[in-house]
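So the chains spell out like this:
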Amino acid sequence: MRIFHVLLMTFAFLFACAAGAQGAFAPGVPHIRAALVAETAAPAPGRTAMIAFSMKPDDGWHGYWENPGDAGVGMSVKWTLPKGVSIGALRYPVPETLLISGLMNHVYEGPYAVLAPLTVAADVPVGTALPIRGKAEWLVCTDKVCVPESAELALNLTAGDGAATAEDASRFDAWRARLPRPLGSEARYAISGGRFRLSVPFPAEAAASDIHLFPLTEGAVRYAAEQKVRRDGDRLLLESEAGEGFRGGTVRAVLRTGDHSGFLLTARPGEVAEARSGVLRTTLIALGGALLGGLLLNIMPCVFPILALKALKLARAGGDERTARREALAYAAGVVLTCLLLGGVLLALRAAGSAAGWAFQLQDPRVILLLLLLATAIALNLAGLFQLGAFGGGERLAGKSGASGAFWTGALVAFVATPCTGPFMGAAMGAALVLPLPAALALFAGLGIGLAAPFLLLAWSPALRRRLPRPGGWMETFQKILSVPMFLTALGLAWLLGQQRGVGAITAGVGAALGLGLLLWWLGARQQRGRRGGMIAAAGAALLLGAGVMLLPAHAPAAAKAESGVIPFDEARLAALRAQGKPVFLYFTADWCLTCKANEAAAIDRVETRDAFAKGGVTVMVGDWTSADPAITRFLEAKGRSGVPLYLWYAPGKEAQVLPQILTPATLTALVR
């Protein structure tokens, strides 16, 4: 599979060259600039010194680790050495992950160095010339093409005292820091039912983040499969899908435990006990966050009008306990099942190797267009243009009974409300991606229960229902008032289409919404004359949706210039800023996230915040997750999150501090005092 993938990408490269491609694809132009350097120009006889291949990929290109994963080829070197000199195995730094078309690549996307130990025999006289020659071959790729490259590199050393300049020693120390360190204790692994489970001795107080297992032993795990990691006292437990054809025995791997840091481990077959108590505790804590997060979603402008109308329906029902409770249960079932469906689809996408996160559906402009038409229809219904029982009285949805109408109302509420990760939800949805499947589904169900809780409480509490206003003519006016936030929601969805696909998408969305408005106006006129037309209107709405999808631009518009003083998220740039000791405020946002936009308006984009950050020399970095971005998704996962917002503060020389999901200017300005 790996060879086939490399050959395919190589043929694509050759075709591009034959077609006259220039610049980045010009033949003969290296895309990784390689140099052979030594820590000391005078290695001492009888001792070992380090040499290194300094590799600098062009932007958009990457080199490969010694086990490149599903695709790619690592470096190979043919040495020509003088008598008395030997060079050991290449030593690679901790790699990065890069998922392309479902294939996991173990790569380096920025400058890196491959080290090798050079030993001079004890009987080599001091002053002897030591010419080192090596022909190195490697593969360099983008996400579309691969190019085999090679270089004949040379070092002219002289046997001496082994002294190194301060500059060379510092450079090699920085490279050594990125090499995996040997793990002091052996790990244990077990394979059962196609699952690979690994137990790694690791002190509970030791910091670990962005954990990923890079196998050196072929076939131990499927490289692109999701890796679930959790801590249990003084050990790390990792579970993934076992590879095919693995015959057992010792497994060697590198375990990444931080930014460009990790451990070289050896694992032998053995018993790997489940951390059931830890899983239960984590599940219970995350479940509480999911319940609270779902409860708070009810105040979103696209949810509150529907919830308010359901409450008014209870007021109309008067003392009919049976009707109220039946519809409440149907509504809750619609909410919970939709949350479970979204969660199940998310877990399935991730199991298939996709870098999907919570709210993945709102990264697809077709889904945005569907929601735009739904919000438009709901707003026009609330405004009185036409009658649809599912959103008013709840008696029917497409001819269904009252319970069915309540069910589909709940399903719609969950679909439009869950994408934005609000308070308490961030950690809960992040935990759902690493917990076992039953626990993960329990969290998604908990989110739905929290979202449905207010209506359930009203249905089961006669005292609360008695406090509801008595039915009367004011209800019609109130219903029209509730159409305002729904119209604003539709307007926001149209704006979001523009953010994702440009002006052409706004035109398609607004045109489809206007067409739907005319169709519903026709339906309302027929209803006033006592005639039907619901099936015709439904068919027309489906045609408008299909036409709108066809008119959506295929690609996003060119990225606008970054706001002054704010740089786009780049993990390599973040690492460089931290290495320079500069403070960084990093936040992740999306145009469809209400909490994100509220925090930006109320705290981040404030004069006092900008002034404080400028005075403190703070670099502001933003990750825009409006459209799918695998790099941002992977980073969020590494921080235990599956959605936005996420706010991180990097003080000089310290690890990231996770800030609250509700920000104030005082919270941010206090960081630099």
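Use the structure listed above.
We now turn to the structure provided with this report.

Definitions and limits used
Residues numbered from 1 in each chain as written. Predicted model: local features only at pLDDT ≥ 70, side-chain atom pairs only at ≥ 80, totals over all residues. Heavy atoms only, no water. Helix = DSSP H or I, 4+ residues; strand = E, 2+ residues; numbered from the N terminus. Buried < 20%, exposed > 50% of the residue type's maximum accessible area, 1.4 Å probe, protein only. Contact = heavy atoms within 4.5 Å. Areas by Shrake-Rupley, 256 points an atom, 1.4 Å probe, with all protein chains shown as cover. Axes fitted to C-alpha atoms, helices over the stretch in contact; angles between N-to-C directions. Parallel < 35°, antiparallel > 145°, perpendicular 65-115°, else oblique. Left-handed = near helix turned anticlockwise from the far one by under 90°. Nonpolar A, V, L, I, M, F, W, Y, C, P; charged D, E, K, R; others polar. Phe/Tyr/Trp six-rings, centres within 6.5 Å; stacked < 30°, edge-to-face > 60°. Pairing = 2+ DSSP bridges. Core = buried A, V, L, I, M, F, W, Y, C linked by side-chain atoms within 4.5 Å.

**As for the overall build of the protein**
Per the secondary structure count, the protein includes 18 helices and 23 strands. For the protein, the residues scored as buried account for 51% of the 673 residues in total. Looking at the protein alone, contacts between residues at least 24 apart form 76% of all its contacts between residues at least 6 apart. Here the protein displays about 30,700 Å² of accessible surface, and carbon together with sulfur accounts for 61% of that area.

**Observations concerning the packing of helix α6 (residues 365-382) against helix α11 (residues 474-501)**
Close contact between α6 and α11 brings their axes to 8 Å; oriented N to C, the two are set at 160 degrees. Here α6 is positioned roughly antiparallel relative to α11, judged by the angle of their axes. The hand of the α6/α11 crossing is left-handed. When its residues are assigned to classes, the contact of α6 with α11 shows 18 nonpolar, six polar and two charged.

**Observations regarding the packing of aromatic side chains**
Per the stated rule, a full pass over the model turns up 16 aromatic pairs. Each residue in the set Phe 585, Tyr 587, Phe 613, Tyr 647 and Trp 649 is aromatic and connected to the rest through ring pairs, giving one cluster.

**Considering the sheet that holds strand β7 (residues 103-108)**
What holds strands together in a sheet is hydrogen bonding between their backbones, with the strands either parallel or antiparallel. Spatial strand order, β3-β7-β6: three strands in an open sheet with antiparallel pairing. Here the strands that pair on one side only, and so sit at the sheet edges, are β3 (63-69) and β6 (96-100). Taking the axes of each pair of neighbouring strands and ignoring which way they run, one obtains an average angle of 45 degrees across the sheet. Relative to β7, β6 is paired through five bridges, and the arrangement is antiparallel. Each bridged residue has a counterpart across the sheet, and for Leu 99 the counterpart in β7 is Met 104.

**With respect to the side chain of Thr 97**
Within the secondary structure, Thr 97 sits in strand β6. Since its relative accessible area comes to 10%, Thr 97 is described here as buried. Beyond its immediate sequence surroundings of up to four residues, Thr 97 is in contact with Met 104, Asn 105, His 212, Phe 214, Arg 256 and Arg 634.

**A closer look at the nonpolar core**
A general trend in soluble globular proteins is that nonpolar side chains are found buried together. Among the nonpolar cores identified, the biggest contains 52 residues, and Leu 586, Phe 588, Met 621, Phe 635 and Val 644 are the most heavily contacted of them. For this core, the elements supplying multiple residues, two or more each, are α6, α11, α12 (503-528), α14 (571-579), β20 (584-589), α17 (630-638) and β22 (646-650). When residues in this core are grouped by element, the largest group, twelve residues, is from α6. Residues Phe 53, Leu 90, Val 124 and Val 254 belong to the second largest nonpolar core, which totals 36 residues.

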